[in-house]
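# Observations on chain architecture
Read off the chains here:
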Amino acid sequence: MTAELVLQIVLTVAAGLVGVGLFGALSQQTIVMVMMGLELVLNGVLLAGGAAWYFLAPELPDTQVLVVVALVVMAVEMAMGFAVTVAFYRARQLDMIDMASDLRG
Amino acid sequence: MSAVLGALVLLPALTGAGLLVAGRRADRAAGPLAVAVTAAGVVVAALVAGARPRLSVPFLGIVDGGDLRLVVDGLSAVLVVLVAGIALLVTAFAVADVPGDAARARFFGFLLLFVAAMLATVTAATLPALLLAWEVMGATSFALIGFRWEERGKLAAGTRAFVTTRAGDLGLYVAAGAALAATGSLVLADLERADGGWADVAAAGVLVAALGKSAQLPFSAWLSAAMQGPSPVSALLHSATMVAAGGYLLIRMQPLLAATGWAATAAAWTGALTALVLGAVAVAQTDLKQLLAASTAAQIGFVVLAAGVGATAGGTAQLVAHAAVKAGLFVAAGAWLTALGTKQLAGLRGAARRYPGMGAAATVAALALAGVPPLSLWATKDEVLAGVDGTALKVVGLAAAAVSAVYAGRILAVVLARPAGDEAFDEEEPGTRRIPALTTVVAGVLAVSAAGLGVLALPAVAEELKAALDAEGEPSPGLGELLLSGALALVALGLTVAVVRARPAVLEQLSRGPLASWAGLGRLLSPRPAMAVGRALAVVDEELIDRAVMGVALGARRLAGMASRADDSVLDGAVSGVAAATRRTAAGSARIDTGVVDGLVRATARAFRRAGSAARRPQTGLLHQYYAQAVVGLGFLLVLLLVVR
Amino acid sequence: MTGMGDERVLALLPELLLLFGAVGGLLLGLWTPQHRQWRVRLLVTVACLASAVAAAVALPEPAERVFEGTWVVDTTTGVVRIVVALGVAVLVWLASASLGGHPRETEAYVLMLLGGLGSIALAASGDLLLLVAGYLLASVPLYALAGFAKDSAGVEATMKYYLMGAFVGVLLLVGVAALVLAAGTTSYVDLAVLLPDASPALLAVGILGVLAGVAFKAGAVPVHFWVPDVTAGTTPPMAAYITTIPKIGAVAAAFRLLAEPFAGVPLDVPLLVAVIAAASMTLGNLAAFNQTDVLRLLAYSTVSQVGYLFMVVAVAARTGLAVPALAIYLAGYAVTNIGAFAAVAAAPAARTITDWATAVGRHRWLVVSLVVCLLGLVGTPPTAVFVGKLAVFVAAWDGGLAWLVVIAAINTVASLFYYLRWIAPAATRVAASESTTAAARRNGPGTSGETAQRDVLEPIVVLHAAAVVSLLLGIGSGAWLTVVLPS
């Protein structure tokens, strides 16, 4: 397989991850599951970043750093997300996002 | 020297602001202080007129000409001296005329602010400076006309003046926008360089603003309402300031008007027709101040005519001469009102004979107003008419000149008549039966200037003025023209006096016609459109208008309360009066046109309200729907980005 | 790689001072008893002021890119630095009225500082990866601040803010990945060269993702949904913070993106931004029309303000007037918006317009300052936002977006309506309660009204100061602009 073809396959998988993740974020009910959907999107980004580094710009550090940044974003968002979930549960005994709609209009 | 120019504007402005802040504590000192400041103003104005300095203060740094720039050129020099001089005389008159127990600090404070604004207007070289001064002038004139707000109708009169001139002022903003769009500069002198459609927009804006301020057709009605103000205010507003500002602006913008072609013609015809129609209105008045007000619009009409036909020197001369004449007549009218308690012509029969000093001054001024040779307006009117080309325009102008002799004759016939002894005095206020010497002196000075400016008829003097205004080569009247108009004025004057003496019934009839009520101009500019907008808001939120009316009324009350804390209880009545009147007007006009306009307004308002609710509908509070809507919105933007290249 | 010459650490002095303030504040807070936490407040304020001074000193220096072009120090960054630092300092004091004595007082101040640092990072980033980092730094502390009170409304606000932020943050990363795939680099300078030749589809995804990220921080349509809910759910000082500080950085970031990497792409990005601007100002104004909750009203008003700000973003690459316009509007907006929220904070218990009017009933000067701030938000002369709006309109006109200027002008007039809806009852109540004040004054000092007033002294001071500064900035704009932006 040529490098070009491998890149195509890897990027297709990455796009698939992004799509599945978006679907999950839009369809899931509980906070944690929505977060999981977002994680899947980030996985797609990780894969795309890795592919870009390996196939497109192996001499530049930018793409590697993108991978690291995506990892950091994952970690930070997750940590924050669980903190929010815990606080939310303590205050309301709820973990479903659509059961909180006091603020609207 | 630029510091002196700053002082010219800032000295009265700061003193005025100081007086307003000090409030009633400064009542005693206000009069002398104002006279001192305006006297200093005359000195400064003379200095400035000689040295021709310029001054610039940064304001809007991002555009060329965005600074506040004052420049004194020939035209400004003439007007600065004129404004400062009239301001001093009127202030002196006001010291004698405004009652000692009135809120004198407030009066003189606003008066000084007003004078400062006028001085800034005639020296402004950039649009921001002009707009600022123009606005302050409008606002302070409102405050001055409505000075005795506690009396019925006076506040409404001030509001009418404010609303009308305000409506015209919007034109100046339009002109500023056009200037910026066309030339990227806000310098007044650059305005004429605007090309194509922008020049037309700018000229139209300037024209509307000037016509509104100068009470030309169709905006003339506010002048009638403005007569509700104290006499010194009328004397100032109708001579060298306010109405003069519009004429000045047109003279200043004459190159722009000429560049568009149609604007100059429109100005010329508006001016001529105003001179004729408002002259006729003046003839039909039974109230001296109303007569003078209408004649002001008519006389300024000649200035507008001059700006339209390019006779800038003639227009400036007319402005100056008219200021002296009209200030003198208003001082006389104010003095008689204070002394005899009436300004009805019937009551003023023989007033000149009762007070000979004042009578002599008023007679000279009225003769000048009539255009009798060798007095000033005779000369200046001919300077203006010399620039007129078209026969039709010239005929209208001459007719207007003849009409001015008629209304002047009407004044003279009444006040010079032998008192019959049964005049109805004290119709409007209790008279004091005496005229202070100071007032007579002021009127005398004004009458002497009114007469003396007739030297403008001498070719040498006229050429001198043209040189000062950079207007060499503008046509001067020939001897024949001068003789013709002089004769016309004398004949018209003589006939009028004869008719008034022999057949008073003729004028009686005239005063019952539509002309007496200002030819229905007041109805033309009714507040109804504003009320319609108000109703639109009310439909959106029924509570609001009520609250806004209350809020405005109470806000006004608080402002007024600050100005004069002493009389709170009177204020209360006035405020509730205004609020009630506003609501009644709203209700009245709502009853009148519940037809098409109302339906349209309501439909618009409903549409807005519905759109308002619709805009909030996406905010469901459900995060899922936020996600979905965000994705849809971003998807739309993505398509937009890909499709529209 | 480039040499060491461009790693001038001192170029980041203002940011370093903020960071030291945050770390120092955290440490000081650990060793300070509960009732002496004001020391932390003082330290944080000093750090902010020092940062602002350092930024002001650096402002006239020529633009430079430090740390391999990732951090841009120019006029835009300089103005954002000053406005953010001063804004955070003011907001710390505004928040102290409700935070004083709170067990986690120090943490709040430190988070506010860090959020401000994130906002500056957004504005200064010259690299997509730094943009992502700035986004995180300007978001995470704010999630915590939004739900700082841990009450029912607060946690709901935090939850929505966080989920919206995480979602858009992921989109931002997708956008960055797309741009990296298109150009192979993340630096703005290189992107500006390489992006014009890239595939339009990939570019469109990348640009949209990145702009969605900054639009979220700015609170622009279509990712504005968090703004009203978070503003209404949190406390007024925090609402002021969340709707002011990150927006400044985000708008500046969007401005830089349009001016540099997206300037030459074969897509009509200015049109995209113009559509966002038009949608934001229209939707914000319409939604505020019937609003009776003061916080929600202000929230929608900030959405519409972002619309005006995005006008100048749209023409960032097209006209030289854009930079001064952005600087004026950002400064004016920050001052006026903080003032308006301080008015709400002055009567924290009042939720609706009428409640507010009743609560401040006897303080007429509060109403006067509120009127100045609200009319300032409309853009009435002579306030700061008027000058800003004028500059923005001129810039947009100059940049060829006349239709947008027309929409903005209509929106400006329409916006007057809902601000008046707040002003009218406030003004009426003041007058109605004047007699009671007179009675209270006769009874001498120490009445209950004055005790109540003491509790909310900071918001009142901030409100008055904001009104005065708004007027001063407006009237003196000619003077200070020549100092800030010598051209």
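Since the structure is predicted, the reported quantities are computational estimates derived from the model, not experimental observations. (Residues numbered from 1 in each chain as written. Chains lettered and ligands numbered in written order. Predicted model: local features only at pLDDT ≥ 70, side-chain atom pairs only at ≥ 80, totals over all residues. Heavy atoms only, no water.)

### A look at unusual backbone geometry
- Along the chain, Pro373(B) connects to Pro374(B) via a cis peptide bond; the corresponding omega equals 0°.
- By secondary structure assignment, the location of Pro374(B) is in the loop between helix 16 (356-370) and helix 17 (376-386).
- In this structure, the amide linkage connecting Val221(C) to the following residue, Pro222(C), adopts the cis form with an omega of 5°.
- You will see that Gln93(A), though not glycine, has its phi angle at about 55°, which is positive. (Helix = DSSP H or I, 4+ residues; strand = E, 2+ residues; numbered from the N terminus.)

### Section: empty space enclosed by the protein
All names here are of chain B.
- The final tally for this structure, using the stated rule, is 5 cavities of 30 Å³ or more.
- Of the pockets and cavities examined, the largest cavity occupies roughly 80 Å³.
- Among the elements of the structure, helix 17, helix 18 (391-415) and helix 21 (479-502) are those that each provide at least two residues to the lining of the largest cavity.
- By residue class, the composition of the lining of the largest cavity is 8 nonpolar, 2 polar and 2 charged. (1 Å grid on protein atoms, 1.4 Å probe; cavity = no way out; pocket = protein on both sides within 12 Å on 5 of 7 lines; lining within 4 Å. Points joined across faces, edges and corners; volume = space filled by probe spheres on them. Nonpolar A, V, L, I, M, F, W, Y, C, P; charged D, E, K, R; others polar.)

### A closer look at the packing of helix 13 (residues 288-309) of chain B against helix 18 of chain B
Residue and element names in this part refer to chain B.
- It is at 11 Å that the axes of helix 13 and helix 18 come closest, and there the two elements cross at 155°. With respect to helix 18, the axis of helix 13 lies roughly antiparallel. In the crossing of helix 13 with helix 18, the sense of the turn from one axis to the other is left-handed. Residues Leu288, Leu291, Leu292, Ser295, Ala298, Gln299, Phe302, Leu305 and Val309 of helix 13 pack against Leu393, Gly397, Ala400, Ala401, Ser404, Tyr407 and Ile411 of helix 18.
- For the contact of helix 13 with helix 18, a count of residues per class yields 12 nonpolar, 4 polar and no charged. (Axes fitted to C-alpha atoms, helices over the stretch in contact; angles between N-to-C directions. Parallel < 35°, antiparallel > 145°, perpendicular 65-115°, else oblique. Left-handed = near helix turned anticlockwise from the far one by under 90°. Contact = heavy atoms within 4.5 Å.)

### Comments concerning the packing of aromatic side chains
Residues and elements named next belong to chain C.
- One pass over the structure, following the stated rule, counts 13 aromatic pairs over all chains.
- Measuring from ring centre to ring centre gives 6.1 Å for Tyr135 and Phe216, while their planes differ by 50°; the resulting arrangement is tilted. Of this pair, Tyr135 sits in helix 5 (residues 128-146) while Phe216 is found in helix 8 (residues 200-218), placing the two residues 81 residues apart along the sequence.
- Judged by relative accessible area, Tyr135 falls into the buried class, the value being 3%.
- The exposure class assigned to Phe216 is buried, which follows from its relative accessible area of 0%.
- For Arg41, the ring lying beneath its charged end belongs to Trp93, and the centroid distance is 5.1 Å.
- Above the ring of Tyr135, the side-chain terminus of Lys217 is found at 6.0 Å from the ring centroid. (Phe/Tyr/Trp six-rings, centres within 6.5 Å; stacked < 30°, edge-to-face > 60°. Buried < 20%, exposed > 50% of the residue type's maximum accessible area, 1.4 Å probe, protein only. Lys NZ or Arg CZ within 6 Å of the ring centre and 35° of its normal.)

### Let's talk about the confidence of the model for chain C
Residues and elements named next belong to chain C.
- Within chain C, residue pLDDT values average 87, and 92% of them lie at 70 or more.
- A low-confidence stretch, residues 1-5 stays under pLDDT 50, and its non-local contacts, those more than four residues away or across chains, total 2 contacts.
- The ipTM value of the predicted complex is 0.95, and its pTM value is 0.61. (pLDDT = per-residue confidence, 0-100.)

### So, helix 13 of chain B
Residues and elements named next belong to chain B.
- If you check helix 13, its first and last C-alpha atoms are 32 Å apart, about what 22 residues at 1.5 Å a residue would give, namely 32 Å.
- Of all 22 residues that make up helix 13, 21 are buried, and the element is covered over most of its length.
- Looking at where helix 13 begins, the residue whose side-chain oxygen comes 2.8 Å from the main-chain nitrogen of Lys289 is Asp287.
- Looking one or two residues past helix 13, Gly310 carries a phi angle of roughly 85°, positive in sign. (Expected span 1.5 Å × (residues − 1). Polar contact = N/O pair within 3.5 Å; in protein donor to acceptor, adjacent residues only side chain to side chain.)

### A closer look at the pattern of salt bridges
All names here are of chain C.
- Throughout the structure, instances matching the rule amount to 18 salt bridges over all chains.
- The salt bridge involving Arg8 is made with Glu64; its shortest N-O contact spans 2.5 Å. One end of the pair, Arg8, is in the segment before helix 1 (13-30); the other, Glu64, is in strand 1 (residues 64-66), and 56 residues separate them in sequence.
- Here Arg8 falls in the partly exposed class, since its relative accessible area comes to 36%. (Salt bridge = Lys/Arg side-chain N within 4 Å of Asp/Glu carboxyl O.)

### Comments concerning a positive patch on the surface
Residues and elements named next belong to chain B.
- On the surface, Arg349, Arg353, Arg418 and Arg501 cluster together into a positively charged patch.
- By the secondary structure assignment, Arg418 is in the loop between helix 18 and helix 19 (437-452).
- Note on Arg418: relative accessible area 60%, which makes it exposed. (Patch = residues over 30% accessible without salt bridge, like charges linked within 9 Å, V, L, I, M, F, W, Y side chains within 5 Å. Areas by Shrake-Rupley, 256 points an atom, 1.4 Å probe, with all protein chains shown as cover. Lys, Arg positive; Asp, Glu negative; His and termini not counted. Charge placed at Lys NZ, Arg CZ, Asp CG, Glu CD.)

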